[in-house]
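# Residue-level structural notes
One-letter residues, chain by chain:
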Amino acid sequence: MVSCTRWMQVVAGSCVAASFAAGAMAQSVGFSQPVTLTTGGTAVAVATADFDGDGKVDIASLNSDGTVKMHRGLGGGSFAAATALGAVPLWDPTRETPSVLLAGDVNGDGRVDLAVAGFSVPIHLILNQGNGVFGQAINTCFIGSFPPKVMLRDVNKDGRQDILLNSPGTLMISSASGFASQFVFLNGVNQNSAMAVGDFDGDGLTDLAVTKGEAPFGIRILHRNPGTTVSFTEAAFIPSQEFISDLGAADINGDAKPDLVTIKGAQNRAEVLVGLGANAFAAPVSHATGVQPRSVVLADINSDGMVDVLADTATSSAVSVLLGMGQATFAANAMFGSSPSTPAVADLNGDGVNDMAFASSGGVTVLINASAPAGEVCRADFDKDGSVLPSDIAGFINEWFSAFSAGGCR
């Protein structure tokens, strides 16, 4: 897909035409009827990745009975029956409540591992041994004091995913021999605090954004101090009138600076704070969501090159989708799915467009994106010379409607 930004790199002054087409196509997205992959019980969280290295996306699920199960991707949006990772439940569901499942390479071997956390559940790592074969769960012996929010991020950029835990505000640094060090990166962080990461001051280091879970509400921007030892200094505080349910960071407007997106569940809205660099952000701009949004995922759900906002909702019982229109603007809210958890976004059927999977009472629910790849017409050979060149943008507006009425690129 050729986005407005890429056209600007080759044809100065032609962004208006490309923006018009991309924006028009970005306003809609649709999904096929949901398909449920049974796990033998209720799934509470999902994670997607190519766990077995065969080029197809697989789906892992964390289940209420204490098991972690894998649905291996077969291609075309189909999946094998669930297989358990480990012969017995990894947790006692009568005493412990696992609720978080994350995927990432925690030991730097190039394979995608799994991490599990939850209320009264020590963070466990399930290491990928290759070809989708996983070892026994490794207990890190670290338990958050409340139901935690957990992130896997390579904070020190050594190629291994580190663990960020909000309760208390702890960073566990991964090393070749395991998680050798951990420290509290910010006092006063509790179970209500959400986290996001990004280079907010443009110095090439990974900074943190952490919400304040008690009044006065707001977002703390933590500057990563230079040096080999990881430490942070609070650089800014962004006040908020309301409690922030969740927080995400991504480059929403394409200016190479990370922006922030907050979810405010009681107000049924998402707010976008455009990053200005140097730990500064513009005033928040509100966008209506479904009723009582809980968590946020920032991803390009329709593969048009622009970041979209996805939030699972408690009362609406569906995924709230705000499609990115460019320049930090969004289309009106649309709702998809039924009774979802936080969605995992990935191309599940290999068609180049992202799909969704989420945990549900019946197992794992899969929503395959039925939309054509947005911006496909941008690759059309408008002057019929056998090549797609910058010169083809000259007739872009006139050709756009006829190209799509004929069924896509010609």
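Residues numbered from 1 in each chain as written. Predicted model: local features only at pLDDT ≥ 70, side-chain atom pairs only at ≥ 80, totals over all residues. Heavy atoms only, no water.

### Description of the overall build of the chain
On a plain count of helices and strands, the chain comes out with three helices and 34 strands. When contacts within the chain are restricted to residue pairs at least 6 apart in sequence, long-range pairs at least 24 apart make up 42% of them. (Helix = DSSP H or I, 4+ residues; strand = E, 2+ residues; numbered from the N terminus. Contact = heavy atoms within 4.5 Å.)

### A word on unusual backbone geometry
Note that the residue after Ala215, namely Pro216, is joined by a cis bond; omega there is 0°. Tracing the backbone through its elements, the reader meets Pro216 in the loop between strand 17 (207–212) and strand 18 (218–224). For Ala278, which is not a glycine, the phi torsion comes out positive at approximately 55°. Assignment of secondary structure puts Ala278 in the loop between strand 23 (275–277) and strand 24 (280–281). The exposure class assigned to Ala278 is exposed, which follows from its relative accessible area of 62%. (Buried < 20%, exposed > 50% of the residue type's maximum accessible area, 1.4 Å probe, protein only.)

### With respect to the layout of surface pockets
Counted as a void, the largest pocket has a volume near 1500 Å³. Lining the largest pocket are 42 residues; nearest its centre among them are Leu102, Asp246, Ser295, Val296 and Thr342. Taken together, the elements giving at least two residues each to the lining of the largest pocket come down to strand 2 (43–49), strand 8 (97–104), strand 12 (150–153), strand 16 (195–198), strand 20 (246–250), strand 26 (293–299) and strand 32 (344–346). Partitioning the lining of the largest pocket into residue classes produces 27 nonpolar, 10 polar and five charged. (1 Å grid on protein atoms, 1.4 Å probe; cavity = no way out; pocket = protein on both sides within 12 Å on 5 of 7 lines; lining within 4 Å. Points joined across faces, edges and corners; volume = space filled by probe spheres on them. Nonpolar A, V, L, I, M, F, W, Y, C, P; charged D, E, K, R; others polar.)

### Re the sheet that holds strand 26
Overall, antiparallel pairing links the four strands, which are arranged 26-27-28-31 in an open sheet. If you trace the sheet from one side to the other, it starts and ends with strand 26 and strand 31 (334–336), each paired once. For this sheet, the mean angle separating the axes of adjacent strands, direction not counted, is 30°. Summarising the sheet, strand 26 and strand 27 (residues 308–313) pair through six bridges and their orientation is antiparallel. Opposite Val296, over in strand 27, you have Ala311 as the bridge partner. (Pairing = 2+ DSSP bridges. Axes fitted to C-alpha atoms, helices over the stretch in contact; angles between N-to-C directions.)

### Side note on the nonpolar core
Nonpolar side chains tend to gather and get buried jointly when the protein is soluble and globular. Ranked by size, the top nonpolar core spans 16 residues in total, and within it Phe51, Leu62, Val68, Leu101, Leu114, Val116 and Phe134 carry the most contacts. Leave out the neighbours within four places in its chain, and Val68 touches Ser61, Leu62, Asn63, Thr83, Ala84, Leu85, Leu90, Trp91, Leu114, Val116 and Ile126. Counting 15 residues, the second largest nonpolar core, distinct from the first, contains Ile173, Leu186, Leu222 and Val230. (Core = buried A, V, L, I, M, F, W, Y, C linked by side-chain atoms within 4.5 Å.)

### Quick notes on the packing of aromatic side chains
One pair of aromatic rings is described through two measures. These are the centre distance and the angle between the planes. Applying the stated criterion to the full structure yields four aromatic pairs. Pairing Phe200 with Phe281 gives two aromatic rings, centres 5.8 Å apart and planes at 65°, and the pair type is edge-to-face. Within this pair, whereas Phe200 is found in the loop between strand 16 and strand 17, its partner Phe281 is found in strand 24, the two being separated by 81 residues in sequence. Ring centres of Phe217 and Phe243 lie 5.9 Å apart, and the angle between their planes is 70°; this geometry places the pair in the edge-to-face category. Of this pair, Phe217 sits in the loop between strand 17 and strand 18 while Phe243 sits in the loop between strand 19 (232–239) and strand 20, placing them 26 residues apart in sequence. On the basis of relative accessible area, Phe243 is assigned to the partly exposed category, the value being 30%. (Phe/Tyr/Trp six-rings, centres within 6.5 Å; stacked < 30°, edge-to-face > 60°.)

### Comments concerning the pattern of salt bridges
One pass over the structure, following the stated rule, counts seven salt bridges. Across the pair Asp109 and Arg111 runs a salt bridge, and its minimum N-O distance is 3.1 Å. Ionic pairing is found between Asp158 and Arg160, a salt bridge with its closest N-O pair at 3.2 Å. A residue is classified by how much of its surface remains accessible, and Arg160, at 19% relative accessible area, is buried. Each of Glu242, Lys264, Arg269 and Glu271 takes part in one network of salt bridges that share partners. (Salt bridge = Lys/Arg side-chain N within 4 Å of Asp/Glu carboxyl O.)

### Quick word on the sheet that holds strand 19
As summarised here, the arrangement of the four strands in space is 16-17-18-19, forming an open sheet in which the pairing is antiparallel. Looking along the sheet, the strands with just one partner apiece sit at the ends: strand 16 and strand 19. Adjacent strand axes in the sheet meet at a mean angle of 25° when their direction is disregarded. Note that strand 17 and strand 18 share five bridges and pair antiparallel. Looking across to strand 18, one finds that Lys212 is bridged to Gly218.

### Concerning the pairing of strand 18
For strand 18, a buried count of seven out of seven residues is recorded, marking the element as mostly surrounded by other parts of the structure. Here strand 18 shows no split at all, with Gly218, Arg220, Leu222 and Arg224 on one side and Ile219, Ile221 and His223 on the other all buried. Where strand 17 folds back onto strand 18 in an antiparallel hairpin, the turn is made up of five residues. Of the strand pairs in this sheet, strand 18 and strand 19 are connected by seven bridges, and their pairing is antiparallel.

### A word on the side chain of Asn63
The topology assignment puts Asn63 in strand 3 (residues 58–63). Aside from chain neighbours lying at most four places away, what touches Asn63 is Thr39, Thr42, Ala43, Val44, Val68 and Lys69.

### Looking at the environment of Met172
Within the secondary structure layout, Met172 lies in strand 14 (residues 169–175). Its relative accessible area of 2% is what places Met172 among the buried residues. C-alpha separation for the pair Met172 and Asp162, spaced 10 residues apart in sequence, amounts to 5.8 Å.

### As for the confidence of the model for the chain
The pLDDT averaged across the chain works out to 82; a share of 80% of its residues lies at or above 70. Low pLDDT, under 50, characterises residues 374–382; the predicted model gives this stretch 34 contacts beyond four residues in sequence or across chains. Confidence drops under pLDDT 50 across residues 386–410; counting only partners more than four residues distant or on other chains, this segment forms 47 contacts. (pLDDT = per-residue confidence, 0-100.)

### A look at the environment of Ile263
On the secondary structure map, Ile263 appears in strand 21 (residues 259–264). In this structure Ile263 comes out as buried when scored by relative accessible area, which is 0%. The spatial distance from the C-alpha of Ile263 to the C-alpha of Arg294 is 6.9 Å, given a sequence separation of 31 residues.

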